[in-house]
Amino acid sequence: MLRLTSPKMALDGKIAVVTGAAVGIGEAIARTLLQNSATVVLLDVNDAAGKAVVEDVTKQYGEDKALFLRCNVESEEQIKAAFQKTVDTFGGIDILCNNAGILNESEWEKTVSVNLLGVVRGTYVALQHMNKLTGGRGGVVVNTASMAGLGPLVSCPVYTATKHGVVGFTRAMAAASAVSGYGVRCNAICPHFVQTDLITNIKSKLGQFSHLDDATNQMMENTGLLTVSEVAESVLELVMDETKNGDVLMILKQGKQYITFPSMQ
Ligand SMILES: NC(=O)c1ccc[n+]([C@@H]2O[C@H](COP(=O)([O-])OP(=O)(O)OC[C@H]3O[C@@H](n4cnc5c(N)ncnc54)[C@H](O)[C@@H]3O)[C@@H](O)[C@H]2O)c1
Ligand SMILES: CCCCC[C@H](O)/C=C/C=C\C=C\C=C\[C@@H](O)[C@@H](O)CCCC(=O)O
């Protein structure tokens, strides 16, 4: 295939928004998109860390390639403002990575609000800008689910529910977009355990299920930990491969695999 640009230029001119981008997987996603020439808006509630990432990547990629905006994905108002600022500043949105997420079985309603409702809010607001039927130029949404979106974690039933919801929402949105002609692809990643803050002090995050942490800790020991870069590379694959819509990519230490779901027909 004749490449008109180098692979690293593949996202030149594309505008990406990444939620939960200040640290962890989101930071790695933002850096990987920048490395491939996208312009990236980083959204998070951690101002200090988010601004530090932007300061660092600006040295590497130049001015006007990255912007940090404080945005709590629990607030539709803040999401609308951040996305409008993105469009006003850079001219549109081509890529959305709904990545922000927490693990807290005590504050389980907050977990639902961030992990599931935050993905719905982000997708619906982004569609107002990306949908070809309403003046957008199409694009792709990649949602960060989890292996807990494919199978239950005994120690965190609500977290499990949110991630199952992200997988289901992503697949349904992908179908709705395809049938409606929105021109927006929707995909999800399901990483196994990744070395980030989210999995530190797990027992303190399990609430009434803290006595069940052994099974999860044992699984973590058995499977090993993914790096954030390994996860970000999978996000890049789903962003760049325009054949992917409604796809769910499981990411394990030993490799990655697209999930096949039972046919409903
Ligand atoms: N670490 C893992 O083992 C693992 C595995 C699979 C999936 N995930 C998922 O990956 C995503 C990123 O998690 P991580 O491991 O990088 O965790 P992390 O705690 O290192 O980073 C999460 C980021 O999201 C931000 N955030 C939290 N609540 C927010 C909100 N309301 N609005 C905006 N930003 C918010 C945090 O400030 C932080 O910067 C989450 O959705 C998580 O469920 C993590
Ligand atoms: C308490 C840690 C939460 C980490 C959340 C993060 O999203 C990582 C998830 C990684 C793996 C999840 C695997 C789920 C496997 C299930 O299908 C089941 O096989 C697990 C059985 C053991 C258990 O702890 O429930």
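What counts, and where the lines are drawn
- Residues numbered from 1 in each chain as written.
- Chains lettered and ligands numbered in written order.
- Predicted model: local features only at pLDDT ≥ 70, side-chain atom pairs only at ≥ 80, totals over all residues.
- Heavy atoms only, no water.
- UniProt positions renumbered as here; feature names shortened; annotations may be inferred.
- Helix = DSSP H or I, 4+ residues; strand = E, 2+ residues; numbered from the N terminus.
- Rg over C-alpha atoms; globule rule 2.2 N^0.38 Å.
- Buried < 20%, exposed > 50% of the residue type's maximum accessible area, 1.4 Å probe, protein only.
- Near = heavy atom within 4 Å.
- Polar contact = N/O pair within 3.5 Å; in protein donor to acceptor, adjacent residues only side chain to side chain.
- Areas by Shrake-Rupley, 256 points an atom, 1.4 Å probe, with all protein chains shown as cover.
- Nonpolar A, V, L, I, M, F, W, Y, C, P; charged D, E, K, R; others polar.
- Pairing = 2+ DSSP bridges.
- Axes fitted to C-alpha atoms, helices over the stretch in contact; angles between N-to-C directions.

The protein appears in an unreviewed UniProt entry as 15-hydroxyprostaglandin dehydrogenase [NAD(+)] from Channa striata. Regarding the protein, the relevant UniProt record gives this comment under Sequence similarities (unreviewed entry): "Belongs to the short-chain dehydrogenases/reductases (SDR) family."

Lay out the overall build of the protein with the relevant residues and their values.
From N to C terminus, the protein includes seven helices and eight strands. For the protein, whose C-alpha radius of gyration is 18 Å, the value lies close to the compact-globule estimate of 18 Å for 265 residues. When the backbone C-alpha atoms are referred to their principal axes, the protein occupies close to 50 × 50 × 40 Å. Out of the 265 residues in the protein, the part that is buried amounts to 49%.

Pulling in residues and values, what's your account of the site of ligand 2?
Near ligand 2 lie 17 residues; those nearest to it are S146, G151, V154, Y159 and T216. Measuring from an oxygen atom of ligand 2, one finds a backbone N or O atom of P152 at 3.4 Å. A distance of 2.5 Å separates an oxygen atom of ligand 2 from a polar side-chain atom of Y159. Bound to the protein, ligand 2 loses 83% of the 670 Å² it would expose on its own. It is helix α6 (residues 213–223) that provides the largest number of residues to the shell around ligand 2, a total of three residues. Along the lines of polarity and charge, the residues of the shell around ligand 2 split into twelve nonpolar, five polar and no charged.

Before we move on, could you go through the pairing of strand β7 (residues 248–252) and cite the residues and values that matter?
Here β7 lies mainly inside the structure; five of its five residues are buried. The two faces of β7 match: V248, M250 and L252 on one face and L249 and I251 on the other face are all buried. Relative to β7, strand β6 (residues 184–191) runs parallel, the two being bridged by four bridges. Its bridge partner lying in β7, P191 is registered against I251.

Go over the sheet that holds strand β5 (residues 139–144) with me, naming the residues and quoting the values.
One open sheet holds the eight strands; their spatial order is β3-β2-β1-β4-β5-β6-β7-β8, and the pairing between them is mixed. The open sheet has two edge strands, β3 (66–70) and β8 (255–258), and neither has a second partner. When strand polarity is set aside, the average angle formed by the axes of neighbouring strands in this sheet is 20°. In this structure, β5 lies alongside β6, joined through six bridges in parallel fashion.

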